[in-house]
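Each chain, letter by letter, is given below.
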Amino acid sequence: MIWAKEETLPREELEKIQLTRLKETAAYIYEKVAPYRAKMDEAGVKPEDIQSLDDLKKLPFTYKADFRDNYPMGLFAVDKKELVRFHASSGTTGKPTLVGYTRNDLEMWLNNVARIACMGGATADDVVQISFGYGTFTGALGLHGGLEKVGASVIPMSSGNTNKQIMFLQDMGVTLLVATPSYALHLGEEIRRRGLDPQKDLKVRIGLFGGEGMTEPMRDEMHRVWGDSFFCTQNYGMSELCGPGVAGECEALQGMHINEDWFIPEIIDPKTGEVLPSGERGELVITCLGKEAIPLIRYRTGDMTRLFYEPCSCGRTTCRMENLSGRADDMLVVRGVNVFPTQIEEVLLKIEEIGPHYEILVERKNRLDVMTITVELVDDRLLDSYTKLSALEQKIKAGLKSQLGLATQIKLVAPNSLQRFEGKAKRVTDLRKDGL
């Protein structure tokens, strides 16, 4: 189902909407947001200089640091009395990123979430269990409101309490699960450990996943755990942009459609800031159109991807972003080699003897970088066979060497021994600052 006609407009019409809203946004942010006005003045650009979509590149970037430097409300364009909702990031590395919504912002946001829910196959007949943590995180309440707009029945389960999660999945006839991919895998594994087959004993037919990226091997693992008929898509967003609702996969699974009438995407070289041609991989930059509380121009997301503008077989004409290949800021440089955790995950998930959970540890020993990857065995009986363990270790090392061009250390551990995450999975620990 397609939620809004704007998803199927010819590109010329879509770009007319974008240009009109871009001009309005540039003028609005210049007038209302002093820190951004200072950026524009420093760059020598005025709102009236924006006469085409190509002029977007004249405008300065916005960074996450701008939110921290202007905490709590220095980037807001409206008075607090006009706001109906606040959200914030977790703030685990410092002050949280605080965002707010006017009533119009909230309506726009939840309509965009309704779009991505429909892209993933949601309908008014669904019973939805939301296993995101509620609170200031945008994911739970965003998907909650968007799915209610679609007409679905929503269970605001929140994260954790796996026993109750499984009880509600069974007793309430849940058909659609909202979670992070890693928590969905954990739930599915736990269901199977209890002697149940999710495909036969539950009614869950769809997974709408977000909060962290999902590689194709992880999607294959999801089918192994939940069943071949389980249809799962991922969606994209972040609190600075609005929350979920920026982009989502449709049932053709050919990338995530960006709601382009509200968001203009660019791909840049993360080192130079140069805008790259369509189809080239780089850092995703998003300009938000029509936001009242926090207008945002050229926000550097840090996410690495590509854009494709060909119309999709689903009927949508909006451009699609490829599944994220990592983040510019989570790239590890190990012995001069650029390594993204997603590259490691793709190799691990193709090896049937090990499970989908892993941890990456990078240390410096004797002035050399050492990367150790800990993975779980599927069958703990392998621990009794040195020969089989050694052969499996060499198989994993060879796959990673081929993918990364880098030697790694492998640690094989018993099933279910690694930490499970209810929110975003923390996969990487880099201790190099602590060693020589």
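Conventions we followed
Residues numbered from 1 in each chain as written. Predicted model: local features only at pLDDT ≥ 70, side-chain atom pairs only at ≥ 80, totals over all residues. Heavy atoms only, no water. Helix = DSSP H or I, 4+ residues; strand = E, 2+ residues; numbered from the N terminus. Rg over C-alpha atoms; globule rule 2.2 N^0.38 Å. Buried < 20%, exposed > 50% of the residue type's maximum accessible area, 1.4 Å probe, protein only. Contact = heavy atoms within 4.5 Å. Areas by Shrake-Rupley, 256 points an atom, 1.4 Å probe, with all protein chains shown as cover. Lys, Arg positive; Asp, Glu negative; His and termini not counted. Charge placed at Lys NZ, Arg CZ, Asp CG, Glu CD. Pairing = 2+ DSSP bridges. Right-handed = clockwise from strand over helix to strand, strands pointing away. Core = buried A, V, L, I, M, F, W, Y, C linked by side-chain atoms within 4.5 Å. Phe/Tyr/Trp six-rings, centres within 6.5 Å; stacked < 30°, edge-to-face > 60°. Lys NZ or Arg CZ within 6 Å of the ring centre and 35° of its normal. Disulfide = S-S within 2.5 Å.

**A short note on the overall build of the protein**
Link 1 in the chain: Each helix and strand counted, the protein has 11 helices and 21 strands in total.
Link 2 in the chain: Relative to the 2.2 N^0.38 estimate, which gives 22 Å for 436 residues, the radius of gyration of the protein is 22 Å and therefore close to what a compact globule would have.
Link 3 in the chain: Dimensions of the protein along its principal axes, counting C-alpha atoms only, are 70 × 55 × 40 Å.
Link 4 in the chain: When each of the 436 residues of the protein is scored for burial, the buried share is 54%.
Link 5 in the chain: Nonlocal contacts in the protein, meaning residues at least 24 apart in sequence, comprise 67% of its contacts between residues at least 6 apart.
Link 6 in the chain: Carbon and sulfur atoms form 49% of the exposed surface of the protein, whose accessible area is close to 19100 Å².
Link 7 in the chain: The protein carries 55 positive and 63 negative side-chain charges, and their two centres are separated by 3 Å.

**Details of the pairing of strand S6 (residues 206–209)**
Link 1 in the chain: What you see with S6 is no split at all: Ile206 and Leu208 on one side and Gly207 and Phe209 on the other are buried throughout.
Link 2 in the chain: Pairing geometry for strand S5 (residues 176–179) and S6, over 4 bridges, is parallel. Considered in S6, the bridge of leucine 176 is made with isoleucine 206.
Link 3 in the chain: Bridge count for S6 against strand S7 (residues 231–238) is 4 bridges, and the pairing is parallel. In the sheet register, phenylalanine 209 faces S7, and the bridge partner there is glutamine 234.
Link 4 in the chain: You can see the chain leave S6, run along helix H9 (residues 216–226) and come back into S7, and the turn it takes is right-handed.

**Notes on unusual backbone geometry**
Link 1 in the chain: The residue after tyrosine 71, namely proline 72, is reached through a cis peptide bond having omega 5°.
Link 2 in the chain: Inspection of the secondary structure puts proline 72 in the loop between helix H3 (64–69) and strand S1 (83–88).
Link 3 in the chain: Positive phi is not limited to glycine here, since serine 158 has a value of about 70°.
Link 4 in the chain: With respect to the helices and strands, serine 158 occurs in the loop between strand S4 (153–155) and helix H6 (162–171).

**Some remarks on the nonpolar core**
Link 1 in the chain: Ranked by internal contacts, the top residues of the largest apolar core, which has 70 residues, are Leu143, Leu147, Val178, Tyr236 and Leu241.
Link 2 in the chain: The element contributing the most residues to this core is helix H4 (residues 103–119), with 10 residues.
Link 3 in the chain: With sequence-adjacent residues up to four places away left out, leucine 147 is seen in contact with Ala117, Ala122, Val128, Ala152, Val154, Val178 and Leu208.

**Describing the packing of aromatic side chains**
Link 1 in the chain: Summed over the entire model, instances satisfying the criterion amount to 7 aromatic pairs.
Link 2 in the chain: The interplanar angle of 40° and the centroid separation of 6.2 Å between the aromatic rings of phenylalanine 76 and phenylalanine 86 together place this pair among those described as tilted. Here phenylalanine 86 lies in strand S1 and phenylalanine 76 lies in the loop between H3 and S1, a separation of 10 residues in the sequence.
Link 3 in the chain: For phenylalanine 86, a relative accessible area of 37% translates into the label partly exposed.
Link 4 in the chain: Where tyrosine 101 meets tryptophan 109, the ring centres are 4.6 Å apart and the plane angle is 15°; that geometry is what we call stacked. The same class applies to tyrosine 101 as to tryptophan 109, namely buried.
Link 5 in the chain: Put simply, the rings of Phe209, Trp226 and Phe230 pair up and form one aromatic cluster.
Link 6 in the chain: Seen from the ring of phenylalanine 61, arginine 300 lies directly overhead, with NZ or CZ sitting 5.1 Å from the centre.
Link 7 in the chain: Lying over the aromatic face of tyrosine 358, arginine 427 brings its terminal NZ or CZ to 4.6 Å of the ring centre.

**Here's the deal with the state of the cysteines**
Link 1 in the chain: Tallying each qualifying case throughout the model produces 0 disulfides.
Link 2 in the chain: With no disulfide of its own, cysteine 312 lies closest to cysteine 314 among cysteine sulfurs, the gap being 3.6 Å.
Link 3 in the chain: The class of cysteine 312 is buried, set by a relative accessible area of 8%.

No statement about biological role is implied by the geometric values presented.
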